[in-house]
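# Remarks on the overall topology
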Amino acid sequence: MKKAKKIVAAMMALVLTFAMAITVSAAPKNTFDVTIKDADKGHTYEAYQVFSGELSEDGKKLSNIKWGEGISEEGKKALGDATEYANKLAGDGVSAEAEAAVIASYLTSPTASVSEGAESDGRYTYVIKDLPAGYYLIKDADNSLNGTESAYTSYILQVVKDVEVEPKADVTSVAKFVKDTNDSTGDTTDWQKSADYDAGDTVPFRLVATMPSNIDDYETFKLVFHDTLSAGLTYTDADAFTVNIGDAVVEGFTKTVTANDDGTTSVDFACDDIKALGSVKAGTTVAIEYSAVLNENSVIGAQGNPNEVYLEFSNDPNHSGKGENTPTGTTPKDQAVVFTYKVVINKVDQDQKPLAGAEFTLYKMVNGEKTAVSTTTVSEDGTTFEFLRLDDGEYVLEETKTPDGYNSIPEVAFTVVADHGTTLDALTATQTSEGTTLVRFAENLAEGALATDVMNASGATLPSTGGAGTIAIYTIGIILVLGAAIFLITKKRVNK
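Residues numbered from 1 in each chain as written. Predicted model: local features only at pLDDT ≥ 70, side-chain atom pairs only at ≥ 80, totals over all residues. Heavy atoms only, no water.

## Quick word on the overall build of the protein chain
Heads up, the rule is: Numbering goes from the N terminus for both helices and strands, where a helix is a DSSP run of H or I of at least four residues and a strand is a run of E of at least two. In this scheme, a residue with accessible area under 20% of its type's maximum is buried, one over 50% is exposed, and one in between is partly exposed, where area comes from a 1.4 Å probe on protein chains only. The Shrake-Rupley method, run with a 1.4 Å probe, gives the accessible areas here. Residue values count only the displayed protein chains as cover.
Tallying secondary structure elements over the protein chain gives five helices and 32 strands in all. Within the protein chain, the fraction of its 496 residues that count as buried is 41%. Counting only carbon and sulfur atoms, one obtains 52% of the accessible surface of the protein chain, whose full area is about 26,600 Å².

## Looking at the sheet that holds strand S6 (residues 123-132)
Note the threshold: Paired strands are those between which DSSP finds at least two bridges. The convention used is that axes are lines fitted to C-alpha atoms, helices contributing only their stretch in contact, and that angles between N-to-C directions extend from 0 to 180 degrees.
A sheet is described by the order of its strands in space; here four strands give the open sequence S5-S6-S1-S9, paired in mixed fashion. In this open sheet, the two strands that pair with only one neighbour each are strand S5 (118-120) and strand S9 (163-165). On average, each strand axis in the sheet is tilted by 25° relative to the strand beside it, whichever way the strands run. Taken together, the three bridges between strand S1 (residues 31-39) and S9 define a ladder with parallel strand orientation.

## So, the pairing of S1
Summarising the sheet, S1 and S6 pair through six bridges and their orientation is antiparallel. Along S6, the bridge assignment pairs isoleucine 36 with tyrosine 126.

## Brief notes about the confidence of the model for the protein chain
Convention followed: The pLDDT score gives, residue by residue, the confidence of the prediction method on a 0 to 100 scale. The criterion used for residue contact is that any of the two residues' heavy atoms lie within 4.5 Å.
Mean pLDDT over the protein chain works out to 86, with 85% of the residues at or above the 70 mark. Within the model, the stretch residues 1-27 combines pLDDT values under 50 with zero contacts to residues more than four positions away or in other chains.

## What about the sheet that holds strand S31 (residues 442-444)?
The pairing of strands in a sheet happens through backbone hydrogen bonds and is either parallel or antiparallel. Pairing is mixed in the open sheet, where five strands are placed in the order S26-S27-S23-S32-S31. Only two strands of the sheet have a single neighbouring strand rather than two, namely strand S26 (376-378) and S31. Neighbouring strand axes in the sheet, compared pairwise and without regard to direction, differ in orientation by 20° on average. In this sheet, strand S27 (residues 384-390) lies alongside S26 in antiparallel orientation, the contact comprising three bridges. Counterpart to threonine 376 in the pairing with S27 is phenylalanine 387.

## Quick notes on the environment of threonine 35
Relative to the helices and strands, threonine 35 resides in strand S1. On the accessibility criterion, threonine 35 (16% relative accessible area) is buried. Remark: the alpha-carbon pair of threonine 35 and glutamate 166, spanning 131 residues in sequence, is separated by 8.3 Å. Ignoring sequence-local partners within four residues, the contact set of threonine 35 consists of Thr125, Tyr126, Val127, Val163, Glu164 and Val165.

## Regarding the side chain of lysine 364
Applicable threshold: Contacts described as polar in this section are N or O atom pairs within 3.5 Å, which, within protein, must combine one atom able to donate a hydrogen with one able to accept it, while residues neighboring in sequence count only if both atoms come from side chains.
Inspection of the secondary structure assignment puts lysine 364 in strand S24 (residues 359-366). In this structure lysine 364 comes out as buried when scored by relative accessible area, which is 5%. Engagement of the side chain of lysine 364 in a polar contact is seen with the side chain of aspartate 183, the distance being 3.0 Å. Within the structure, lysine 364 has its side chain in polar contact with the side chain of aspartate 391 (distance 2.3 Å).

Listed below in structure tokens is the structure:
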């Protein structure tokens, strides 16, 4: 009997165990995760429960709706009955963006938040865990992106189940370009990342901002180009600038020029609301063009003269402020580089020793005409000549004064060719040989220098008075005279 009771007890325990297992497995899930994919680094996402309720099995409907813990008491009174407001949100013609902004003004404490994202290929995934069933507004934490290169995410309204969402957030981008002109050929490039110029040349620049994909979510959009010219470039207030939105020329930007202590110049082009100036959509470009002059402080060689720009832009589509009250972010800097070079002439004699007393003029061929290069320095001993801040093109070197006792040289004709991206990759001088003096240039990329030796040969040394050469000439002359006299005397005797 006791044995039978033990068997029955064991069977009952087993039945209860199965029953518990069935109960646990059948229990509905009551917390959920929201995964935010393809986001930027640095966000802190918060989830505010707008409505609580019972979630349908398909995860699309809430029943027995009540105001959630994320809405303030003031908000509950202002917004009215929770079920009626929920039905309003589900109605046709309702702007979710507009209603999200209304709801956001009555938020209290978030139900949950996340600030650490998992990185993959430069993008981040954030997971807000264990949210009770309900309807949520998901937003960035206030003031969490100050000074960063991200933009705040547009409000997300979501019925919570295990769900993945992508943030509706994007930043505008900026790039700086320059054009390159060869004075000798007259060829001008399209907009690119680098160029080379002579001292005194006017250098054209172009700044291009590309509007974010969620530009339509912004009521207003502030845009400021913070541009910096290196000390080697001069910007004058007389220089005009143009602004294009797409292909249309517009006005409405202000310009502020500031001379900095380090010799650079800051030029800010600002507009409080770019959307007020014309049609602006996702991907629309806003371009500013202006020019500056390459000056005597420009760096010669591979270091170049970098010129930078970054953008300050509206970065919170949930904010309707204008002017100083507009939350803004900044982009990374972009740059365009201007290079310039020098030609170095070392004057030597036929023994390759330094030779003083020469003078040179370097001409650049511009539209088939010679234009003298004015930026020249000469070493103290008068044997090295540097022609500074030159760019690519055709040149002619003339010796305008020859050292005393030496033969003048024909002109030296050569072409400077440069290859550059954001770095100086190659610099060569190819000589035009026909009818010119042949020289060989040595290239120094770091210094941006093309150097060559130009040789003068000594003239012929003539005999001096009383020298052996003179005596020999006189002796030969006397012999010839005596020979002629003897010939005449002999001839007279024969005739007699």
